[in-house]
Amino acid sequence: MRGDRVEILVDTGTGVRDFEITATQNGRRVEVSTGRGITEVTEVTRSGRPVRTARFMSARVVAVVEHPASSRAAPPA
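Keep in mind the model is a prediction, meaning the values are calculated, not measured.

(A) Geometry of the sheet that holds strand E1 (residues 5–11). On the basis of which strands lie adjacent, the open sheet formed by three strands has the order E2-E1-E6 and antiparallel pairing. Both outer strands of the open sheet, strand E2 (16–22) and strand E6 (61–67), are each paired with one neighbouring strand and no more. Here the average twist between neighbouring strands, direction ignored, is 15°. Note: E1 against E6, six bridges, orientation antiparallel. Paired with Val10 across the strands is Val61, a residue of E6.

In structure tokens form, the structure reads like this:
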């Protein structure tokens, strides 16, 4: 959903650097996957085609923070 955002904090050896991937258009979402020592964050279209991808060494990743898009639905009563 447009507005989905994932922040990745990575240890660079001299400090921690912040990276951010955001779903830029309607119908796109951001997916996070981890495997074989790699953390991958991908912006994906509705059909599942990747638009852009960021890859990080899992050993260097300090935190992955997912921020879902705010929904405009009324809060539950």
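Next comes the rest of the write-up.
(B) Local environment of the nonpolar core. By size, the foremost hydrophobic cluster in this structure holds 10 residues: Val6, Ile8, Val10, Ile21, Ala23, Val30, Val41, Ala54, Phe56 and Val61. Listing elements by their share of this core, those giving two or more residues are E1 and strand E5 (50–57). Ranked by the residues each element gives to this core, the list is headed by E1, at three residues.

(C) Structural context of the packing of aromatic side chains. Under the definition given, this model contains one aromatic pair. Geometrically, the ring pair formed by Phe19 and Phe56 is tilted, given 5.2 Å between the ring centres and 50° between the ring planes. With Phe19 in strand E2 and Phe56 in strand E5, this pair connects stretches of sequence that are 37 residues apart. Exposure remark for Phe19: the relative accessible area of 25% places this residue in the partly exposed category.

(D) Seen up close, the environment of Glu7. Within the secondary structure, Glu7 sits in strand E1. Considered as a pair, Glu7 and Val64 are 57 residues apart in the sequence and their alpha carbons are 5.8 Å apart. Ignoring any residue separated from it by four or fewer positions in sequence, one finds Glu7 in contact with Asp18, Phe19, Glu20, Ala63, Val64, Val65 and His67. A polar side-chain atom of Glu7 sits 2.6 Å from a polar atom in the side chain of His67.

Conventions used here
- Residues numbered from 1 in each chain as written.
- Predicted model: local features only at pLDDT ≥ 70, side-chain atom pairs only at ≥ 80, totals over all residues.
- Heavy atoms only, no water.
- Pairing = 2+ DSSP bridges.
- Helix = DSSP H or I, 4+ residues; strand = E, 2+ residues; numbered from the N terminus.
- Axes fitted to C-alpha atoms, helices over the stretch in contact; angles between N-to-C directions.
- Core = buried A, V, L, I, M, F, W, Y, C linked by side-chain atoms within 4.5 Å.
- Buried < 20%, exposed > 50% of the residue type's maximum accessible area, 1.4 Å probe, protein only.
- Phe/Tyr/Trp six-rings, centres within 6.5 Å; stacked < 30°, edge-to-face > 60°.
- Contact = heavy atoms within 4.5 Å.
- Polar contact = N/O pair within 3.5 Å; in protein donor to acceptor, adjacent residues only side chain to side chain.

Limitation: the analysis is restricted to geometry and does not speak to function.
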